[in-house]
Amino acid sequence: MKDVKITIQETTNNTIIKFNTNQILINGGSYEYNNIDEAKNAPLAQQLFYLPFVKKIFITANFIAIQRFDILEWADVQEEVKEQIEAFLNNGGIVVNEKTNSSKKEAIEIYAEVTPNPSVMKFGSNKSLTQTDVEYKNIDEASKSSPLAQAIFNFPFVKEVFISDNYISVTKYDMVEWNDVFAEVRTFIREYLVAGKTIIKELPNKEGNISANKTEEPQVKLEGIPGQIVDILDEYIKPAVAGDGGNIAFRSYDADNKIVSVVLQGACSGCPSSTATLKNGIESLLKEMLPNQINEVVAING
């Protein structure tokens, strides 16, 4: 029997609630079902649709979001739904029969894009890869969590791998130039995804990997100044740095000294311009939007 644990997370829409899991449910991407007929390839969703209040189900790699009809409140039933999902998963139930769904050939495109960090190349995809950002510093970390990252590390020049929603940032050693190898990596990633191989099999252990879980999307919503910082990062900073193949994740806020700690990921990690981005971009914006609450922004990994 598996040891699947579910945590409940509210959303900004009071009719929708998220059931986060500590294990990977599907191999990348996401599935949305509006009724039991659409869910014929998703046994878990089919079971949930027998609940009379379930309106819509959205399944991703590490959470299930359910929208309810207005016949009751989530507070009345969410614990029962949580227990039902846990029981289904721990008894080995199939979430989505992805082999059946993959009979419809998916057209996958991969494009390579330079980043401000000369050591990092961004490989964008039209396929959703993960709902949880993951970063691997070496092949040992990858081997425990992501078969795709582990396979990319087989290129001798690969130093680090960062996988986000629809792109992969690869950091190289100085032994080669990207112009000589990017096409080979791009082709490899595309063929891997077209073959339907596993992207992430298990979320990294947070203690073992500083960037394992999306700290900007916590299971318990942050309140006060930390919550405002997260909202500002999500709305103003993350879209910009994601375009360059990077990510900046909130880690903590020291209220006594008014210091914000963040984690630099992907192309942002080790980038020559990251210090300027941190000070002139993020720090200035936070000071402006949260007056008298921010003294400094520091990166705890660079």
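Heads up: these notes are all about the structure in this document. (Residues numbered from 1 in each chain as written. Predicted model: local features only at pLDDT ≥ 70, side-chain atom pairs only at ≥ 80, totals over all residues. Heavy atoms only, no water.)

Turning our attention to the sheet that holds strand E12 (residues 259-266). If you trace the 3 strands from one edge of the open sheet to the other, you get E11-E12-E13, paired in mixed fashion. Of all the strands in the sheet, just strand E11 (246-254) and strand E13 (296-299) have a single pairing partner and so form its edges. Strand-to-strand twist across the sheet, computed as the mean angle between neighbouring axes with direction ignored, equals 30°. As paired strands, E12 and E13 are joined by 4 bridges and run parallel to one another. (Pairing = 2+ DSSP bridges. Helix = DSSP H or I, 4+ residues; strand = E, 2+ residues; numbered from the N terminus. Axes fitted to C-alpha atoms, helices over the stretch in contact; angles between N-to-C directions.)

Once that is clear, we can look at helix H6 (residues 178-194). Given a rise of 1.5 Å per residue, 17 residues ought to cover 24 Å, and the 23 Å separating the end C-alpha atoms of H6 matches this to within 8%. Buried within H6 we find Trp-178, Val-181, Val-185, Ile-189, Tyr-192 and Leu-193. Looking down the long axis of H6, one finds its buried residues gathered within 105° of arc, a one-sided arrangement. Among the exposed residues of H6, those oriented more than 90 degrees off its buried face are Asn-179 and Asp-180. Check the buried side of H6 and you find it contacts strand E6 (110-114), strand E7 (120-125), helix H5 (147-152) and strand E10 (167-172). Phi turns positive one or two residues past the end of H6, at Gly-196, with a value near 75°. (Expected span 1.5 Å × (residues − 1). Buried < 20%, exposed > 50% of the residue type's maximum accessible area, 1.4 Å probe, protein only. Arc of directions from axis to C-beta. Contact = heavy atoms within 4.5 Å.)

What follows covers the pairing of E6. Relative to E7, E6 runs antiparallel, the two sharing 5 bridges. Across the sheet, Tyr-111 pairs through a bridge with Gly-124, a residue of E7. Connecting E6 to the next strand, E7, in antiparallel fashion are 5 residues.

We now examine the pairing of strand E2 (residues 16-21). Moving residue by residue along a regular strand, the side chains alternate between the two faces of the sheet. Taking burial as the measure, the 6 residues of E2 include 5 buried ones, the bulk of the element. Note that strand E1 (residues 6-10) and E2 share 5 bridges and pair antiparallel. Paired with Thr-7 across the strands is Asn-20, a residue of E2. What sits between E1 and E2 in their antiparallel hairpin is a turn of 5 residues. As defined by bridge partners, E2 adjoins strand E5 (residues 63-68) across 5 bridges and the pair is classed as antiparallel. Residue pairing for E5: Lys-18 is matched across the bridge by Ala-65.

Next up on the list: the pattern of salt bridges. Within the structure shown, the criterion is met by 7 salt bridges. Between Asp-70 and Arg-68 there is a salt bridge, with the nearest N and O atoms lying 3.3 Å from each other. The class for Arg-68 is buried, based on a relative accessible area of 4%. Ionic pairing is found between Lys-137 and Glu-160, a salt bridge with its closest N-O pair at 3.4 Å. Linking Lys-137 in the loop between strand E8 (134-136) and helix H4 (139-143) with Glu-160 in strand E9 (residues 158-163), this pair joins segments that are 23 residues apart in sequence. Classification of Lys-137 by relative accessible area gives partly exposed; the value is 32%. (Salt bridge = Lys/Arg side-chain N within 4 Å of Asp/Glu carboxyl O.)

To continue, consider helix H2 (residues 74-90). Taking 1.5 Å of rise per residue, the 17 residues of H2 would be expected to cover 24 Å, and the 23 Å separating its terminal C-alpha atoms lies within 8% of that figure. Taken residue by residue, H2 has Trp-74, Val-77, Gln-78, Val-81, Ile-85, Glu-86, Phe-88, Leu-89 and Asn-90 as its buried positions. Elements in contact with the buried residues of H2: E1, E2, helix H1 (43-49) and E5. Positive phi appears at Gly-92, one or two residues downstream of H2, with a value of about 80°.

Under the criterion given, the structure shown has 10 aromatic pairs. When the ring of Phe-157 is compared with that of Trp-178, the centres are 6.2 Å apart and the planes differ by 85°; the resulting orientation is edge-to-face. Taken together, the positions of Phe-157 in the loop between H5 and E9 and Trp-178 in helix H6 put the pair 21 residues apart, joining distant regions of the chain. One exposure class covers both Phe-157 and Trp-178, and it is buried. What links up through ring pairs into an aromatic cluster is the set Phe-123, Phe-155, Phe-157, Trp-178, Phe-188 and Tyr-192. A cation over an aromatic ring shows up here: Lys-18 above the ring of Phe-63, its NZ or CZ 4.1 Å from the ring centre. Here the guanidinium or amino end of Lys-122 rests over the ring plane of Tyr-167, the centre of that ring lying 4.9 Å away. (Phe/Tyr/Trp six-rings, centres within 6.5 Å; stacked < 30°, edge-to-face > 60°. Lys NZ or Arg CZ within 6 Å of the ring centre and 35° of its normal.)

Here we come to the nonpolar core. Among the nonpolar cores identified, the biggest contains 32 residues, and Ile-163, Ile-168 and Leu-193 are the most heavily contacted of them. For this core, the elements supplying multiple residues, two or more each, are E7, E8, H5, E9, E10 and H6. Looking at this core, the element that brings in the most residues is H6, giving 6 residues. Beyond its immediate stretch of four places on either side in the chain, Ile-163 contacts Leu-129, Thr-130, Thr-132, Asp-133, Val-134, Tyr-136, Ser-146, Leu-148, Ala-149 and Ile-168. Leu-25, Ala-42, Val-81 and Ile-85 belong to the second-largest nonpolar core, a separate cluster that totals 30 residues. (Core = buried A, V, L, I, M, F, W, Y, C linked by side-chain atoms within 4.5 Å.)

From the geometry alone we can't say anything about function, so treat these as descriptive.
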